Amino acid sequence: MFKLVILVSAVTCALAAVVPEDPSPQIEGRIVGGNEGNINQYPYLVSVQRNGTHICGGSIYSNKIIVTAAHCLQNVWTNELRVRAGSSTWNSGGILYYVYSYRNHEDYNPTTMENDVAVILLSTILSFSTTIAKIDLTYYGPLNGATGTVIGWGTTSFNGSISDHLRYTAVTIISPTQCGSSAYRYGSTIKSNMFCASAEGKDACQKDSGGPLIYNNFLIGIVSWGYGCAYSGYPGVYTDVAQMRSWIMKNAITV
Ligand code: 4AZ
């Protein structure tokens with residue numbers, strides 16, 4: 001009997017070592033786990049809005065082009081869309097722009113989330129200022145272990161409410177190879193044109209989608225998807241801007 005107890009506990013221990021713990025949401029959050037910021041620190045950040053409500057983030061690429069995620073713009077009419085630039089709050093301040101047209105990546109795949117990128121052409125030229133400015137696209141792919149910053153008005157917990165005021169948090173970049181490895185729980189769902197980023201209790205969340213992940217003052221990632229927000233073993237997943245660079249540049253002039 002004693003031997004059996006020892007055997008059973010040894011097996012249980014061995015299992016606990018290989019079976020990952022249950023994913024559990026971090027208790028508190030903003031973006032999730034971030035801080036309130038000011039638009040003059042992130043003047044390239046915009047709120048993409050549909051019928052008067054914030055749906056996604058975006059980044060200013062030029063004086064008339066916004067880069068966002070394709071999953072933000074599924075079955076949307078341009079006349080429903082607005083872009084607020086130059087404000088720390090999504091619902092007031094800055095300038096609200098009309099949208100002339102937009103284009104989702106032709107190979108955006110809603111099942112795998114590959115190529116989750118889109119460009120929006122504004123109806124009028126952005127007036128650049130200390131609170132409205134462009135950000136350059138990265139030339140280089142994500143550097144595993146580097147620290148980036150993600151910014152947005154998204155929910156402060158999974159299925160929570162969005163934030164009136166923009167929030168930011170630092171996250172550590174994880175290469176797609178690393179993110180798809182057994183160190184995390186996504187496996188082969190992480191494709192080579194995505195990468196991940198995480199920090200304990202910190203993450204992008206719903207309606208941060210489309211918004212920027214910044215490294216060294218370059219746009220390196222577009223908030224795309226994730227299992228929950230700040231769940232252990234499930235980093236936020238981003239579109240790799242370096243691999244979308246030529247698509248964005250080309251479509252910015254033809255959209
Ligand atoms: C979403 O549903 C979503 N934690 C975006 C980002 C993340 C999770 C979900 C990353 O739009």
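Residues numbered from 1 in each chain as written. Predicted model: local features only at pLDDT ≥ 70, side-chain atom pairs only at ≥ 80, totals over all residues. Heavy atoms only, no water.

## Notes on the site of the ligand
Every residue close to the ligand is listed here: His-71, Asp-203, Ala-204, Cys-205, Gln-206, Ser-209, Val-223, Trp-225, Gly-226, Gly-228, Cys-229 and Gly-236. Interatomic distance of 2.8 Å between a side-chain N/O atom of Asp-203 and a nitrogen atom of the ligand. Between the ligand and the protein, one listed contact pairs a nitrogen atom with a backbone N or O atom of Ala-204 at 2.8 Å. Compared with its free state, where it exposes 310 Å², the ligand has 85% of that area covered by protein. Grouping the amino acids of the shell around the ligand by side-chain chemistry returns five nonpolar, six polar and one charged. (Near = heavy atom within 4 Å. Polar contact = N/O pair within 3.5 Å; in protein donor to acceptor, adjacent residues only side chain to side chain. Areas by Shrake-Rupley, 256 points an atom, 1.4 Å probe, with all protein chains shown as cover. Nonpolar A, V, L, I, M, F, W, Y, C, P; charged D, E, K, R; others polar.)

## Here's the deal with the pattern of salt bridges
Tallied over the full model, the rule gives two salt bridges. As a salt-bridge pair, Glu-80 and Arg-50 come within 3.1 Å of each other at their nearest N and O atoms. Here the residue Glu-80 occupies a position in the loop between strand E4 (65-68) and strand E5 (81-85), and Arg-50 occupies one in strand E2 (residues 45-50), the gap between them amounting to 30 residues. Residue Arg-50 is classed as partly exposed on the basis of its relative accessible area of 26%. (Salt bridge = Lys/Arg side-chain N within 4 Å of Asp/Glu carboxyl O. Helix = DSSP H or I, 4+ residues; strand = E, 2+ residues; numbered from the N terminus. Buried < 20%, exposed > 50% of the residue type's maximum accessible area, 1.4 Å probe, protein only.)

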